[in-house]
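Remarks on the overall topology
In case you want the letters, here they are:
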Amino acid sequence: AGVRRNTPTNVVITGFGASPSDALAVANAYVQETGDAVQAGLEAARFDHSLGAVFSDFDGDGRPDLFVANDGDPNRLYQNIAWPGGRKADPAGLGFRFEERAAIAGVANVSAGMGVAAADFNGDGRTDLFISNSRGQGHAVYTGQQPIASGSSFNDVRAAFAPAFGKSFTGWGASWVDLDLDGNLDLVLTNGGIPVTNLARDAQPIQVLENMGAPPGSAPQFTDGTALVGGNDLPRVVGRGLTTADFNNDGRMDIAINTIGGKLELLRPTGAVGHWLAVRLARFSPGAVVTAVLPDGRRLVREVQAGSSYLSSQDPRVHFGLGAATSVSQLIVRFPDGHIVERNNVTADRIVFIRQARSATAARSTALARPGRSQRLSETAPYLIDGCTRADLKGHSVARVWDEAMLDAIRRDLPAPTTHARNLFDVSAAMWDAWAAYDPKADGYFVTEKDKASDAEAARETAISYAAYRVLLWRYAYGANVRVTFDEVTRTLRSLCYRLDFTSTKGDSPAALGNRIAAAVIRSGRRDGSLERLHYADESYVPVNPPLVVKQPGTAMHDPTFWQPLALDQTVAQNGLAVPGKVQTFIGAQWGHVRGFALPASKSGVPIDPGPPPIGTPKDAAYKEAAVDVIR
């Protein structure tokens, strides 16, 4: 999917038993360019058994997000967040970041996830999710909702589907599709045993649930829908991949199922027939949303997707069942770049071709005003917003303003003392360098250049702001609540009347100086030993002891003097954030080798060696006595 707006299509490759940093490679399919999946925000060292994946705009912001179904690991939901100022302003050249939010959103189900289907099956305009799971677990079904106070943006409705599906089969490919053309999305699922030891015994039924609809505001009711595709004549298969498409262009959606040890199954719908409309876009545009407004006011929302199901992808055309309606009052296509094409009074029972018109380039503002004044300074200071009046700082310095923005970012991120301490120092040092550049005697830390300005105070404020702004964006692009942090730091820069899109590092302007300082800090961070590129995950560290499964009695330890990670069904950080994953990860294994600002360098990685354990080893009497005291 084009994870940047108005960009070529990208692909995601999932790997069973592989790290997403290796498997979820973002590869451009149209130009000779390869994106860095780790840089984009996918995990650097956490291993998942990933299977089904789908790009879909789950939060309605026009940017394709990524959902991954995992087998035995928590499912992942990567929210696509735009980089402020776009691709040009992003030091990595991507223009976006992914933030993993499955636990917060409420979809980090830990089952044997296989296939995934995403669509608005309840007609409220939000994308809903179905994830097929292994035998005995039950499938996961979530409806999209407006985020609540906890951050959850999905509602778990699997209980309503459990009686229809049962728990006897292992689900694989799945698709939401309107088989009877009544405007309600039905669900089709292929099943098949695992491991495959006997093709006959491991064959399982193809399941179809018919969406009977519901009054506005009520949940739709589902019933057995096998009659829609042949009823009792459906074969039992060892199914895996499943896709739906109108292969013969008659307006009815057909079903193709890939099987193990058998032929490709092609199922054609039977029974009652309503009217229909298919929309074909001139260019494959994952993330495009097509809305059909019917004469009675009902709105049907469909999305062009990339991926979904299992080892499959759907018809790139958008298909609507219209029931008795012979026309669509209004057809609205919202492309990923925000451009909208509308058609009125569209006749039913045909394929409509839509071409995206070229949109005009938006004009950009270019100047700034100091407090109490409105100036046009675009010629001499192109980094200033034209006609802007700076916010009242209430007696605080600009450095204090950026300190507060950084502290807010820390508060909303997951607790990580080493990472945040490094960020606090480096941002402070960057602001110092901006101040020191206009003082003939002060020595910089990252950058030592000297500059002159007729208004040194104003120049310092500008350089400080650009340096702090760009370092904060870079450092907290992999934290929690990225969008909120991005919004705050960009709002802070704008409140000071500085342009987001001024990215130049050339020349003697204070904004260019601030950008140079930020670039120096980012370069330094890439080689200071913190493993920033891997999101601070030390892949070389392996705990000596196996995880302690808290909900199970007993434990086994290889060496009691070493740390043992805990395995929990759910982990919540001290600031209330849900932590993805079940097993604790060690934070800080590599930090003894990181260049510090107050500790001496250490080749062994122990700047201050505390010496041997003060109470000895488990064989020593003092150790045993201390252990008994803890238990008591």
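Notes on the structure follow. The structure presented is a predicted model; accordingly, all values stated were derived computationally and were not measured. (Residues numbered from 1 in each chain as written. Predicted model: local features only at pLDDT ≥ 70, side-chain atom pairs only at ≥ 80, totals over all residues. Heavy atoms only, no water.)

This brings us to the sheet that holds strand 20 (residues 265–267). Strand order in the open sheet formed by three strands is 18-19-20, with antiparallel pairing between adjacent strands. Two strands lie at the open edges of the sheet, namely strand 18 (239–245) and strand 20, each paired on one side alone. Neighbour to neighbour, the strand axes of the sheet diverge by 20° on average, direction disregarded. Pairing of strand 18 with strand 19 (residues 254–259), which is carried by five bridges, proceeds in the antiparallel orientation. From the neighbouring strand, Leu242 faces strand 19, where its bridge partner is Ile257. (Pairing = 2+ DSSP bridges. Helix = DSSP H or I, 4+ residues; strand = E, 2+ residues; numbered from the N terminus. Axes fitted to C-alpha atoms, helices over the stretch in contact; angles between N-to-C directions.)

Attention now moves to the environment of Ser465. As for its placement among the helices and strands, Ser465 is situated in helix 8 (residues 456–475). Residue classification places Ser465 among the buried positions, given a relative accessible area of 0%. Remark: the alpha-carbon pair of Ser465 and Asn515, spanning 50 residues in sequence, is separated by 9.4 Å. Excluding anything up to four places from it in sequence, Ser465 contacts Val398, Trp402, Leu493, Leu496 and Tyr498. A distance of 2.8 Å separates a polar side-chain atom of Ser465 from the backbone oxygen of Glu461. (Buried < 20%, exposed > 50% of the residue type's maximum accessible area, 1.4 Å probe, protein only. Contact = heavy atoms within 4.5 Å. Polar contact = N/O pair within 3.5 Å; in protein donor to acceptor, adjacent residues only side chain to side chain.)

Glancing now at the packing of aromatic side chains. Across all of its chains, the model carries 24 aromatic pairs by this definition. With a centroid separation of 5.8 Å and an interplanar angle of 85°, the aromatic rings of Phe121 and Phe161 are classed as edge-to-face. Remark: Phe161 occurs in helix 4 (residues 158–165) and Phe121 occurs in the loop between strand 8 (116–119) and strand 9 (128–131); sequence separation between them is 40 residues. Phe161 matches Phe121 in its accessibility class, with the two residues each being buried. These aromatic residues form a ring-pair network of at least three members: Phe121, Phe161, Trp176 and Phe222. The positively charged end of Arg240 is found above the aromatic ring belonging to Trp172, 4.0 Å away from the centroid. Geometry around Trp435 places Arg460 over its ring, the cationic atom sitting 3.9 Å from the centre. (Phe/Tyr/Trp six-rings, centres within 6.5 Å; stacked < 30°, edge-to-face > 60°. Lys NZ or Arg CZ within 6 Å of the ring centre and 35° of its normal.)

Moving on to the packing of helix 6 (residues 398–412) against helix 7 (residues 417–436). As a packed pair, helix 6 and helix 7 sit with axes 11 Å apart at the nearest point and diverge in direction by 165°. Judged by the angle between their axes, helix 6 and helix 7 are roughly antiparallel. Both helix 6 and helix 7 take part in a crossing whose hand is right-handed. For the pair formed by helix 6 and helix 7, the contact residues are Ala399, Trp402, Asp403, Met406, Leu407 and Ile410 on the first element and His420, Asn423, Leu424, Val427 and Met431 on the second. (Parallel < 35°, antiparallel > 145°, perpendicular 65-115°, else oblique. Left-handed = near helix turned anticlockwise from the far one by under 90°.)

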